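# Breakdown of the fold
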Amino acid sequence: MWDMAGALQPPTGRVFRVQRARGPVWYAKYRLPDGRQVQRKLGPAWAERGRPPAGYFTKRTAEDGYEGCWMRRARNAAGDGPDRRDIRGRCG
């Protein structure tokens, strides 16, 4: 996940929506540089038209959250940063 210059490369991973009893939910699944596979719940999905209410994720905001998740987790796994949580504490 690191290139020759030391820059962080995007991992293989995806954002996907799962239908649960309380409604649809976005999840992110990715692999850390050390090989561990991680799946994290990002939050409730907003599938209707218009701007989502606070706390809900569209596909685009879920993908942005996924990017923040894997970047922070990859840095922490490599020992390059403090252990902090991302998007509403759902990444750590």
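Residues numbered from 1 in each chain as written. Predicted model: local features only at pLDDT ≥ 70, side-chain atom pairs only at ≥ 80, totals over all residues. Heavy atoms only, no water.

## Concerning the overall build of the protein
Across its full length, the protein holds 1 helix and 3 strands. In the protein, the succession of helices and strands from N to C terminus is β-β-β-α. For the protein, the residues scored as buried account for 32% of the 92 residues in total. Long-range contacts, defined as pairs at least 24 residues apart, comprise 38% of the intrachain contacts of the protein with a sequence gap of at least 6. Carbon and sulfur atoms provide 44% of the accessible area of the protein, an area that totals close to 6,300 Å². (Helix = DSSP H or I, 4+ residues; strand = E, 2+ residues; numbered from the N terminus. Buried < 20%, exposed > 50% of the residue type's maximum accessible area, 1.4 Å probe, protein only. Contact = heavy atoms within 4.5 Å. Areas by Shrake-Rupley, 256 points an atom, 1.4 Å probe, with all protein chains shown as cover.)

## Looking at the nonpolar core
Ranked by size, the top nonpolar core spans 11 residues in total: Val 15, Trp 26, Ala 28, Tyr 30, Leu 32, Val 38, Leu 42, Ala 45, Phe 57, Ala 62 and Tyr 66. Mapped by element, the contributors of at least two residues to this core are strand E2 (23-31), strand E3 (37-44) and helix H1 (59-78). Examining the composition of this core, we find that 3 residues originate from one element, E2, more than from any other. (Core = buried A, V, L, I, M, F, W, Y, C linked by side-chain atoms within 4.5 Å.)

## Digging into the confidence of the model for the protein
Looking at the protein, pLDDT values average 76 and 62% of them are 70 or higher. Confidence over residues 82-88 falls short of pLDDT 50; this stretch has 18 contacts with residues more than four positions distant or in other chains. (pLDDT = per-residue confidence, 0-100.)

## Observations concerning the sheet that holds E2
Taken in spatial order, the 3 strands of this open sheet run E1-E2-E3, and their pairing is antiparallel. Pairing within the sheet leaves two strands with one partner each, and these edge strands are strand E1 (13-20) and E3. Taken over all neighbouring pairs, the strand axes of this sheet differ in orientation by 25 degrees on average, direction set aside. Across 8 bridges, the pairing between E1 and E2 is antiparallel. Counted as the bridge partner of Arg 14 is Lys 29 from E2. (Pairing = 2+ DSSP bridges. Axes fitted to C-alpha atoms, helices over the stretch in contact; angles between N-to-C directions.)

## Description of the packing of aromatic side chains
Two measures describe an aromatic ring pair: the distance that separates the ring centres and the angle between the ring planes. Enumeration over the complete set of coordinates arrives at 2 aromatic pairs. For the pair Phe 16 and Tyr 27, a centre-to-centre distance of 5.8 Å together with 15 degrees between the ring planes defines the contact as stacked. Taken together, the residues Phe 16 in strand E1 and Tyr 27 in strand E2 connect sequence positions 11 residues apart. Each member of the pair, Phe 16 as well as Tyr 27, is classed as buried. Ring geometry for Trp 46 and Tyr 56: centres 5.8 Å apart, planes at 75 degrees, overall edge-to-face. Of this pair, Trp 46 sits in the loop between E3 and H1 while Tyr 56 sits in the loop between E3 and H1, and the two are 10 residues apart along the sequence. Residue class for Tyr 56 comes out partly exposed when judged on its relative accessible area of 37%. (Phe/Tyr/Trp six-rings, centres within 6.5 Å; stacked < 30°, edge-to-face > 60°.)

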